[in-house]
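Fold and geometry: a report
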Amino acid sequence: MIPLIIIDAKLDRCAALGDYLARAGAYRVITSASPEVTISRSLVAARGVVIAVQDEGGNGILFLRNLREKKIDLPVIILAAAYDPDDFRIAVANRAEYMVMAGAPNSWYPVLVQLVEKVSSIRRAQDEVAFLNKKLDLVGSVTRHDVINQLTAVSGYTELLEMVVTDPQMKSYIEKERFALDKIRRQFQFAKDYQNLGTEHPVWQPLSSVIRRATDLVTIKGVTITDTCGNASVFADPVLEKAMAQLLDNALRHGRTVTEIRISVQDVEMGGLLVIEDNGAGIPAADKDRIFERGFGRYTGWGLFLTREMLALTGMTIAETGVPGKGARFEIHIPPESYRKEGSGKTAAA
């Protein structure tokens, strides 16, 4: 049976609604007149549904906010005596359903039952997906761990073999073997990064901090990185620094003559434009549309593909617009709702 917690300061209305839902036979109804009701661990574990009334006598919105502040993600239905656009926006922002008690109770009771069934079925589906994801995560992490351990052993023996082999042709074979081992290791790292996409909530991040963390992830020798992003911030997945690190690594690996990488941000009509450009060899015109495809490239072929997927998590898009022979230039478009200048009090695009 699905636990239903009804919070309504008007006891008669609360009791009548509770009786109606209890007669349906599929619910275990719990009622309270106060929004300060404590949600027990057992109710959270049982995946109950909360129905909170918002009117002059009861503050369902207050209860909803308190629930989310405590990181309790139970489904909530706000029952409003009359439509209020501000309450509606708050309900939606806090992942709750919003319904108006219009007309006689017998006219909206059946609609409420349908809504309860809807949120319950969505929650069941979410739980099933979470369970399957947990199994996949476990299998993936164990497999990666075991294979990488074996790769480490093979790499060690390869180094020992290289120390005793003197034949130039045999040394060339060993070098190819080391290249293949490095590629396998990169492929497993890609699998790990791709599996972790979207597992954390987006947060506001100063671009300069993202760039600084990204430079710590790559080996930079003889290349100057210039950051002029200032106080710009983006609302993005925490993996943004890895996307930035991949773009830096791409310049270092493929730019050949790169000595400088410049990172800047511009205010544009529809948000912000983050630019990462270098003074290297650039990207051939025939490859510009293919570099973000999975499998394209000399190494794993997944670096820029993964970068595009990371950026897409929060609505960002990326394109390469550099001039072949003069350097690569990656332009990342940031939606207006995900871009701001710190201290300005408004988004940079406003």
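Let me sum up the structure you'll find in this document. (Residues numbered from 1 in each chain as written. Predicted model: local features only at pLDDT ≥ 70, side-chain atom pairs only at ≥ 80, totals over all residues. Heavy atoms only, no water.)

Observations regarding the overall build of the protein
When its secondary structure is counted, the protein shows 9 helices and 14 strands. For 350 residues, the compact-globule estimate of 2.2 N^0.38 gives 20 Å, and the C-alpha radius of gyration of the protein, at 28 Å, exceeds that figure by more than 25%. Structurally, the protein occupies a C-alpha span of about 90 × 50 × 30 Å along its principal axes. For the protein, with 350 residues in total, the buried portion stands at 39%. (Helix = DSSP H or I, 4+ residues; strand = E, 2+ residues; numbered from the N terminus. Rg over C-alpha atoms; globule rule 2.2 N^0.38 Å. Buried < 20%, exposed > 50% of the residue type's maximum accessible area, 1.4 Å probe, protein only.)

A closer look at the sheet that holds strand S11 (residues 271-278)
Pairing is mixed in the open sheet, where 5 strands are placed in the order S8-S10-S11-S13-S12. Each edge of the open sheet is held by one strand with a lone partner, namely strand S8 (224-227) and strand S12 (317-320). Strand-to-strand twist across the sheet, computed as the mean angle between neighbouring axes with direction ignored, equals 15°. Strand direction decides the pairing type here: S11 and strand S13 (residues 329-334), joined by 6 bridges, are antiparallel. When the sheet's bridge partners are listed, valine 275 is paired in S13 with glutamate 331. The sheet strands contacting helix H7 (residues 207-215) are S8, strand S10 (260-268) and S11, and the helix crosses S8 at an angle near 165°. (Pairing = 2+ DSSP bridges. Axes fitted to C-alpha atoms, helices over the stretch in contact; angles between N-to-C directions. Contact = heavy atoms within 4.5 Å.)

Remarks on the environment of leucine 74
Positionally, leucine 74 belongs in the loop between helix H3 (60-69) and strand S5 (76-80). Accessibility expressed as a relative area gives 1% for leucine 74, which makes it buried. Spatially, the C-alpha atoms of leucine 74 and valine 50 are 7.2 Å apart, while their sequence positions differ by 24 residues.

Here we look at the pairing of strand S6 (residues 97-100)
Strand direction decides the pairing type here: S5 and S6, joined by 4 bridges, are parallel. Residue pairing in the sheet places isoleucine 78 in a bridge with tyrosine 98 of S6.

Points about the sheet that holds strand S7 (residues 203-206)
In any sheet, the strands associate via hydrogen bonds between backbone groups, in a parallel or an antiparallel arrangement. Read across the open sheet, the 3 strands follow the order S7-S9-S14; overall the sheet is antiparallel. Either end of the sheet is taken by a strand with one partner, and the two such strands are S7 and strand S14 (339-341). Across this sheet, the average inter-strand angle for adjacent strands is 30°, counted without regard to direction. Contacting S7 and strand S9 (232-236), H7 crosses the sheet at an angle of about 75° to S7.

With respect to the packing of aromatic side chains
Where two aromatic rings form a pair, the distance of their centres and the angle of their planes describe that pair. Enumeration over the complete set of coordinates arrives at 7 aromatic pairs. With centroids separated by 5.5 Å and ring planes inclined at 85°, the aromatic side chains of phenylalanine 88 and tyrosine 98 adopt a geometry described as edge-to-face. In this pair, phenylalanine 88 sits in helix H4 (residues 85-93) while tyrosine 98 sits in strand S6, placing the two residues 10 residues apart along the sequence. A centroid spacing of 6.2 Å and a plane angle of 80° characterise the contact between phenylalanine 292 and phenylalanine 330, whose relative ring orientation is edge-to-face. Of the two residues, phenylalanine 292 sits in the loop between S11 and helix H9 (303-312) while phenylalanine 330 sits in strand S13, which places them 38 residues apart along the sequence. Members of the aromatic cluster, each reached through a chain of ring pairs, are Tyr20, Trp108 and Tyr109. Sitting above the plane of the tryptophan 204 ring, arginine 340 keeps its charged end 3.9 Å from the centroid. (Phe/Tyr/Trp six-rings, centres within 6.5 Å; stacked < 30°, edge-to-face > 60°. Lys NZ or Arg CZ within 6 Å of the ring centre and 35° of its normal.)

Structural notes on the nonpolar core
Of all hydrophobic cores here, the largest spans 41 residues; its most connected members are Ile263, Leu274 and Phe330. Secondary-structure elements contributing two or more residues to this core are H7, S9, helix H8 (240-254), S10, S11, H9 and S13. It is H8 that provides the largest number of residues to this core, a total of 7 residues. Setting aside residues up to four positions removed in sequence, isoleucine 263 forms contacts with Ile211, Ile225, Thr226, Asp227, Thr228, Cys229, Met244, Leu248, Leu274, Val275 and Ile276. Grouped together as the second largest cluster of nonpolar side chains are 21 residues, Ile2, Leu21, Leu79 and Val116 included. (Core = buried A, V, L, I, M, F, W, Y, C linked by side-chain atoms within 4.5 Å.)

Quick word on the environment of aspartate 249
Within the fold, aspartate 249 resides in helix H8. In this structure the C-alpha to C-alpha distance between aspartate 249 and threonine 215, which are 34 residues apart in sequence, comes to 9.1 Å. Of note is the side chain of aspartate 249, whose polar atom sits 2.9 Å from the side chain of arginine 253. (Polar contact = N/O pair within 3.5 Å; in protein donor to acceptor, adjacent residues only side chain to side chain.)

Looking at the pattern of salt bridges
Taken as a whole, this structure holds 18 salt bridges when the rule is applied. Here arginine 178 makes a salt bridge to glutamate 162, at a shortest N to O gap of 2.7 Å. Of this pair, arginine 178 sits in helix H6 (residues 168-195) while glutamate 162 sits in helix H5 (residues 105-164); the two residues are 16 residues apart in sequence, bridging distant segments of the chain. For arginine 178, a relative accessible area of 35% translates into the label partly exposed. (Salt bridge = Lys/Arg side-chain N within 4 Å of Asp/Glu carboxyl O.)

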